[in-house]
Amino acid sequence: MSEIFVLAEFSDNKISKTTAELATCAARAGTVTVIVLAAPSAGAAMASQVVVGPIASVLIVESDSFARFGVPAAADAISQLVATKKPVAILIASSAFGKEVAGRVAVATESGLITDAVDVAADLTATQLVFGGSTTVHSQVTHGTPIITVRPNSVNADLSPCTPAVSNAEFVLSESAQRAEIISSAPFVKGGRPELTEAQIVVSGGRGTNGDFAPVETFADLLGAAVGASRAATDAGWYPHSHQVGQTGKTVSPQLYVACGISGAIQHRAGMQTSKMIVVINKDPEAPIFEIADFGVVGDLFAVLPQASEGVRASKS
């Protein structure tokens, strides 16, 4: 059976559920091999976390170059594996890191690339939502090894237990990947909340917060949710740009998306309308975001969210 590569996703040294989602798509078309990129002597521990999903094997690549050279080193390692192992396709998470790696691998292997897929069929046809989600596109790579990035939370992952075979691959960093070295990096503080693009629940605030995200954060923390923001909120300096949801920000597909004080411009809707359930809180009954809402509350978020928070607390007591 054909072998398909999946690049493992880790966050805070723990494997992400996104890996199982990618493997679920890949298993429709072939035998799944998960690629683990690790620091020297760290591969076995990371590979031991690959315990769920339709995964047949794990291939460990260890090198100190991943910390020193970042994306170029990761792309170089995968490109070399493509040359030697000849997989029929590669699936990578549609994160900023994943898409940059995928782009470099596509160039290095002279292969076609599809980004931001929300599904992948058995014949490697990728489904994308384009033009702000108004159009569904089905496409295939016609040259080289298909490289497809898939949005987190867009696929229901097969989380059945697995015991994959584990092996190691040799890797020597090419000279071309050493042109830029990482000499320092600022730590990223998540504040105890889930990563925005991987969260099952996202609570976002917009212009209606008037800069006060306290009720949004309180409600999010009660639900174990990530906090997002509209472009209006981030441009005003009310919330960090790293939390922006939308066409020029991050794309999310959680099980539940709660939009608080967000009008619903097409740019914002493009980043969240694939959410499984959308709840809207807005005092303007004519706000465009109500058009895609599953449930809507017409009211001031500063009145609605505290009541919702009390309801969640009561249900937990």
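Residues numbered from 1 in each chain as written. Predicted model: local features only at pLDDT ≥ 70, side-chain atom pairs only at ≥ 80, totals over all residues. Heavy atoms only, no water.

> Can you walk me through the overall build of the chain in this structure?
Regarding its fold elements, the chain presents nine helices and 16 strands. For 317 residues, the compact-globule formula gives about 20 Å, and the C-alpha radius of gyration of the chain, at 21 Å, lands near that figure. Principal-axis analysis of the C-alpha atoms places the extent of the chain at approximately 60 × 40 × 40 Å. The proportion of buried residues among the 317 residues of the chain is 49%. (Helix = DSSP H or I, 4+ residues; strand = E, 2+ residues; numbered from the N terminus. Rg over C-alpha atoms; globule rule 2.2 N^0.38 Å. Buried < 20%, exposed > 50% of the residue type's maximum accessible area, 1.4 Å probe, protein only.)

> Whenever I open this one, the nonpolar core confuses me. Can you help?
For soluble globular proteins, nonpolar side chains are generally found buried alongside one another. Residues Val34, Leu91, Ile148 and Val150 are the most contacted members of the largest nonpolar core, which totals 30 residues. Residue assignment for this core shows that the elements contributing at least two residues are β1 (3-7), α1 (17-26), β4 (31-38), α2 (43-47), β5 (57-62), β6 (89-93), β7 (113-120) and β10 (147-150). The contacts of valine 150, once residues within four sequence positions are left out, are Leu22, Leu91, Ile92, Ala93, Ser94, Ala117, Val120 and Val155. Core analysis: the next-biggest nonpolar cluster, separate from the first, contains 27 residues, Phe5, Ile35, Ile78 and Ile147 among them. (Core = buried A, V, L, I, M, F, W, Y, C linked by side-chain atoms within 4.5 Å. Contact = heavy atoms within 4.5 Å.)

> It is not clear to me how the sheet that holds strand β15 (residues 277-282) should be interpreted in this structure. Could you clarify?
Strand pairing in a sheet takes place through backbone hydrogen bonds and is either antiparallel or parallel in direction. Spatially, β13-β12-β14-β15-β16 is the arrangement adopted by the five strands of the open sheet, whose pairing is parallel. Single-partner strands in this sheet number two, and they are β13 (226-229) and β16 (295-298). Here the strands of the sheet are splayed against their neighbours by 15 degrees on average, with no regard to which way each runs. Across four bridges, strand β12 (residues 201-205) lies against β13 in parallel orientation. When the sheet's bridge partners are listed, glycine 205 is paired in β13 with alanine 229. Seen against the sheet, helix α6 (residues 214-223) touches β12, β13 and β14 (256-260) and runs at an angle of roughly 175 degrees to β12. (Pairing = 2+ DSSP bridges. Axes fitted to C-alpha atoms, helices over the stretch in contact; angles between N-to-C directions.)

> Looking at this model, I keep getting lost on the packing of aromatic side chains. Mind explaining?
For any pair of aromatic rings, the description consists of the separation of the ring centres together with the inter-plane angle of the planes. One pass over the full model with this rule turns up two aromatic pairs. Relative to phenylalanine 171, the ring of phenylalanine 66 has its centre 5.7 Å away and its plane inclined at 5 degrees; by these criteria the two rings are stacked. Residue phenylalanine 66 is located in helix α3 (residues 65-69), and its partner phenylalanine 171 is located in the loop between β11 (165-169) and β12; the two are separated by 105 residues in the primary sequence. Like phenylalanine 171, phenylalanine 66 is buried. (Phe/Tyr/Trp six-rings, centres within 6.5 Å; stacked < 30°, edge-to-face > 60°.)

> What am I meant to see in the layout of surface pockets here?
Space left empty within the atom packing is revealed by a probe, the size of a water molecule, rolled over the atoms. Put simply, the second largest pocket is a space of about 440 Å³. Taken together, 27 residues form the lining of the second largest pocket, with Arg207, Ser230, Gly261, Ile262 and Ser263 sitting closest to its centre. Counting residues per element, the ones that place at least two in the lining of the second largest pocket are α7 (231-235), α8 (266-269), β15 and α9 (301-316). The residue makeup of the lining of the second largest pocket, split by class, is eight nonpolar, 14 polar and five charged. (1 Å grid on protein atoms, 1.4 Å probe; cavity = no way out; pocket = protein on both sides within 12 Å on 5 of 7 lines; lining within 4 Å. Points joined across faces, edges and corners; volume = space filled by probe spheres on them. Nonpolar A, V, L, I, M, F, W, Y, C, P; charged D, E, K, R; others polar.)

> When you look at the environment of valine 304 in this model, what are you seeing that I'm missing?
Mapped onto the secondary structure, valine 304 falls in helix α9. In this structure valine 304 comes out as buried when scored by relative accessible area, which is 18%. In this structure the C-alpha to C-alpha distance between valine 304 and proline 215, which are 89 residues apart in sequence, comes to 9.4 Å. Here valine 304 is in contact with Ile281, Val297 and Gly299, once residues within four sequence places are set aside.

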